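Structural features, examined
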Amino acid sequence: MKTLGWSVLPLLVAPIVCAQAPRNTATPAQQKISWAEGSIKARPDHSQPYNDLAVAYVQRVRETADTGYYDQAETVLQKSFQITPDNLEGQKARLMILLGRGEFGQALGLAKALNKKTPDDVLLYGFIADAAIGLGDYGDAEEAAQWMLDMRPGNVPGLLRGAALRRLYGDARGAKDFFAQAYQQMAPTQTEELAWTLTQMADLQRSTGDLDGAEKLLHSALQQFPGYYAALEELARVQTMRQRYSEAVDLLHQRSLKLPTAASRYALAQALERSGQTTEARLAYADFAATARPLINGSHNANEELISYYLDREHNPAEALRIAQLEITRRHDVNTLDAYAWALCGNARYEEAQKQIATALAVGVREARMFYHAGVIAAKLHDDASAARYLNQSLELDPSSGSAAAVREALQNLAPESAIARGEK
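Worth saying up front: this structure is predicted, and the values here are computed from it rather than measured.

Each helix and strand in the protein was counted, giving 23 helices and 0 strands. Taking 22 Å as the expected radius of gyration for a compact globule of 425 residues, we find that the protein reaches 22 Å, a close match to that expectation. Counting only C-alpha atoms and orienting by the principal axes, one finds that the protein spans roughly 75 × 50 × 45 Å. Long-range contacts, defined as pairs at least 24 residues apart, comprise 59% of the intrachain contacts of the protein with a sequence gap of at least 6. As presented, the protein carries roughly 19300 Å² of accessible surface, and 51% of it is formed by carbon and sulfur atoms.

Put into structure tokens, the structure is as follows:
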């Protein structure tokens, strides 16, 4: 299908870039926690205040990256279900926890079951879409997102799911339009949601090589939600692509002041290495591995980063493949397929790698890193024409990507008869 056919408005950037800084020092989630706690004191025998508190805790995770709030949300929901067993709003809060933890299979089953009972609930379709995207079931995700937009044209949750799918299908312009419309409908008090949306837009701009546009959006995000960890991480990626490695290190140090994750530790280690701080990088890599390895078998893990770590840093392709094989049993989204393909390639299993990367690219995704991987795999199979095509696509899409230097080297290493395919005379 790949339509997501609700009509779109022209992309409006100026209101986004000129966004004003928030005036309230308490975050939206902190305010909701206070309100819910007050409601619980006033009505301790009602289930809804407990549901509201659970949702606020889930929102607090996105504000801070502190997954410990999921445990608090679960505890609160137990009280809600004691008062009103299996109430719908409590089940929706439970879905948010499952999705946040990356338990997509369980979330999809629950969301579909609830959807059959309550087919007019728009947000349940959103949860189906989220879970399906996480699993790589893009047809189901698209159908659910389209239902959202058909039932309530222009609703923000539907637009955000539509934007994610349009990006996956390679429609960057359509994704930008949907993100912009969603942003323009958000209330000024929704500072984290505004900052999150701006960060997603910046990530999209960066992936197409528009580093100036990405940086403007990220500065606006940090105005909306000062110190926002997701925006700092994305801004560090922008500076890395500009080869301003010391600035990237500073940004990631700033991000790590609050609550570093395994993924942010890996990003810091890479930035330190690129900036020439060898000793600090070695310590940071060790810190990353110590943090990430205990999470390998969990749904909320840093396995993509671990795969890269064992391939590029530790030169242990067998361990990279072991982790990739674990991950591919849980989900088949394009990033997991790409990581699996790259691990297979690192273990000289080139035909299997080609099958996995082809499945990922068939969705329509246009990412410079994936085209680079596809090019290297094709070259290993002595398909120099396909290799040159993929590598050139990577450079055309983003000539300053993190893999751009490796792409150019790979092009140079192709056989002379591929010169025409590389665009040379």
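Turning our attention to the packing of helix α5 (residues 88-100) against helix α7 (residues 122-135). What describes two packed helices is the angle between their axes and the distance between those same axes. With their axes 11 Å apart at the nearest point, α5 and α7 run at an angle of 20 degrees to one another. Classified by the angle their axes make, α5 and α7 are roughly parallel. The crossing of α5 and α7 is left-handed. Contacts between α5 and α7 involve L88, K92, L95, M96 and L99 on the former and, on the latter, L123, L124, F127, D130 and A131. Looking at the contact of α5 with α7 residue by residue, the classes come out as 8 nonpolar, no polar and 2 charged.

Attention shifts here to the pattern of salt bridges. Following the criterion strictly, the structure yields 26 salt bridges and no others. Residues R62 and E192 are paired through a salt bridge, measuring 2.9 Å at the closest nitrogen-oxygen approach. With a gap of 130 residues between them, R62 in helix α3 (residues 48-64) and E192 in helix α11 (residues 191-207) connect regions that are remote in the sequence. Look at R62 and you get partly exposed, because its relative accessible area is 30%. Its relative accessible area of 5% is what places E192 among the buried residues. Ionic contacts of the salt-bridge type, sharing partners, join the residues R167, D203, R206, E234, R237 and E367 into one network.

So, about the environment of G90. Tracing the backbone through its elements, the reader meets G90 in helix α5. You can call G90 buried: its relative accessible area is 0%. It is 8.2 Å that separates the C-alpha atoms of G90 and Y50, two residues lying 40 residues apart in sequence. Not counting residues within four places of it along the chain, the set of residues in contact with G90 comprises N51, L77 and F81.

Further remarks concern the packing of helix α4 (residues 68-83) against α5. Packing of α4 against α5 brings their axes to within 10 Å, and their N-to-C directions diverge by 160 degrees. Classified by the angle their axes make, α4 and α5 are roughly antiparallel. Both α4 and α5 take part in a crossing whose hand is left-handed. Contact residues: Y70, A73, E74, L77 and F81 in α4; G90, Q91, A93, R94, I97 and G100 in α5. Residues that form the contact of α4 with α5 fall into these classes: 6 nonpolar, 3 polar and 2 charged.

Tracing the backbone through its elements, the reader meets T336 in helix α19 (residues 334-346). Of the residues examined, T336 reaches a relative accessible area of 3% and is grouped as buried.

Tallied over the entire structure, the rule returns 11 aromatic pairs. Summarising the aromatic geometry, the rings of Y57 and Y69 are spaced 6.1 Å apart at their centres and angled 20 degrees between planes, so their arrangement reads as stacked. Linking Y57 in helix α3 with Y69 in helix α4, this pair joins segments that are 12 residues apart in sequence. On the basis of an interplanar angle of 75 degrees and a centroid distance of 5.5 Å, the ring pair of F288 and Y309 is categorised as edge-to-face. Separated by 21 residues along the polypeptide, F288 in helix α16 (residues 278-292) and Y309 in helix α17 (residues 303-313) bring together distant segments of the chain. Under the relative-accessibility criterion, F288 is labelled buried at 0%. Judged by its relative accessible area of 7%, Y309 falls in the buried class. We note R166 situated over the ring of F178; from NZ or CZ to the ring centre the distance is 4.2 Å. For R389, the ring lying beneath its charged end belongs to Y390, and the centroid distance is 5.1 Å.

Glancing now at helix α20 (residues 350-362). With 13 residues, α20 should cover 18 Å at 1.5 Å per step; its first-to-last C-alpha distance of 18 Å lies within 8% of that length. Those residues of α20 that sit buried are A353, Q356, I357, A360 and L361. End-on view of α20: buried residues confined to an arc of 135 degrees, all on one side of the axis. Exposed side chains of α20 directed beyond 90 degrees from the buried face belong to E351, K355 and A362. Positive backbone phi, at 115 degrees, marks G364, one or two positions downstream of α20.

It is worth spelling out helix α12 (residues 211-224) at this point. Taking 1.5 Å of rise per residue, the 14 residues of α12 would be expected to cover 20 Å, and the 20 Å separating its terminal C-alpha atoms lies within 8% of that figure. Among the 14 residues of α12, 10 are classified as buried, and the element is accordingly described as predominantly covered. Burial in α12 covers these residues: L211, G213, A214, E215, L217, L218, S220, A221, L222 and Q224. Where α12 begins, one side-chain oxygen reaches toward the backbone nitrogen of G213, 2.9 Å away; that side chain belongs to D210.

A few words on unusual backbone geometry. Notably, Q243 is not glycine yet its phi reads approximately 65 degrees, a positive angle. Note that Q243 resides in the loop between α13 (229-241) and α14 (245-256). The phi angle at A348 is positive, at roughly 60 degrees, despite the residue not being glycine. According to the relative accessible area criterion, A348 is partly exposed, its value standing at 47%.

Rules behind the numbers
- Counting restarts for each chain: residues are numbered from 1 in the order of the written sequence.
- Selection of residues for local features in this predicted model requires a pLDDT of at least 70, selection of side-chain atom pairs for listing and counting requires 80 or more, and totals for whole chains, interfaces and linings are taken over all residues.
- Each side-chain value is worked out from all heavy atoms of the structure, with water and hydrogens disregarded.
- Think of it this way: any DSSP run of H or I at least four residues long counts as a helix, any run of E at least two long counts as a strand, and we number them from the N terminus.
- Values of the radius of gyration come from C-alpha atoms, whereas the globule rule sets the reference at 2.2 Å times the count of residues to the power 0.38.
- Contacts are residue-level and defined by heavy atoms, with any inter-residue pair within 4.5 Å sufficient.
- The Shrake-Rupley method, run with a 1.4 Å probe sphere, supplies the accessible areas, and residue values consider only the shown protein chains as cover.
- Note on definitions: angles span 0 to 180 degrees between N-to-C directions of axes, and those axes are lines fitted to C-alpha atoms, for helices only across the stretch in contact.
- Here is the rule for angles: anything less than 35 degrees is roughly parallel, anything more than 145 is roughly antiparallel, 65 through 115 is roughly perpendicular, and the remaining ranges are oblique.
- The crossing is said to be left-handed when, going from far helix to near helix, the turn is anticlockwise and less than a right angle, and right-handed when the turn is clockwise.
- Any residue outside Ala, Val, Leu, Ile, Met, Phe, Trp, Tyr, Cys, Pro, Asp, Glu, Lys and Arg is labelled polar, Gly included; the first ten of those are nonpolar and the last four are charged.
- Criterion for a salt bridge: a side-chain nitrogen of Lys or Arg within 4 Å of a carboxyl oxygen of Asp or Glu.
- Working definition: with a 1.4 Å probe on protein chains only, accessible area under 20% of the residue-type maximum means buried, over 50% means exposed, and in between means partly exposed.
- Working definition: a ring pair exists when centres of Phe, Tyr or Trp rings (six-membered ring for Trp) sit within 6.5 Å. Plane angles under 30 degrees give stacked, over 60 give edge-to-face, the rest tilted.
- Lysine NZ or arginine CZ positioned within 6 Å of the ring centre and within 35 degrees of the ring normal marks a charge as sitting over the ring.
- The span you would expect from a helix comes to 1.5 Å times its residue count less one.
- By definition, the arc is the one covered by directions from the helix axis to the C-beta atoms.
- Identification of polar contacts relies on pairs of N or O atoms within 3.5 Å, with a donor-acceptor requirement for protein atoms, meaning one able to donate a hydrogen and the other able to accept it, and with residues adjacent in sequence counted only if both atoms are side-chain atoms.

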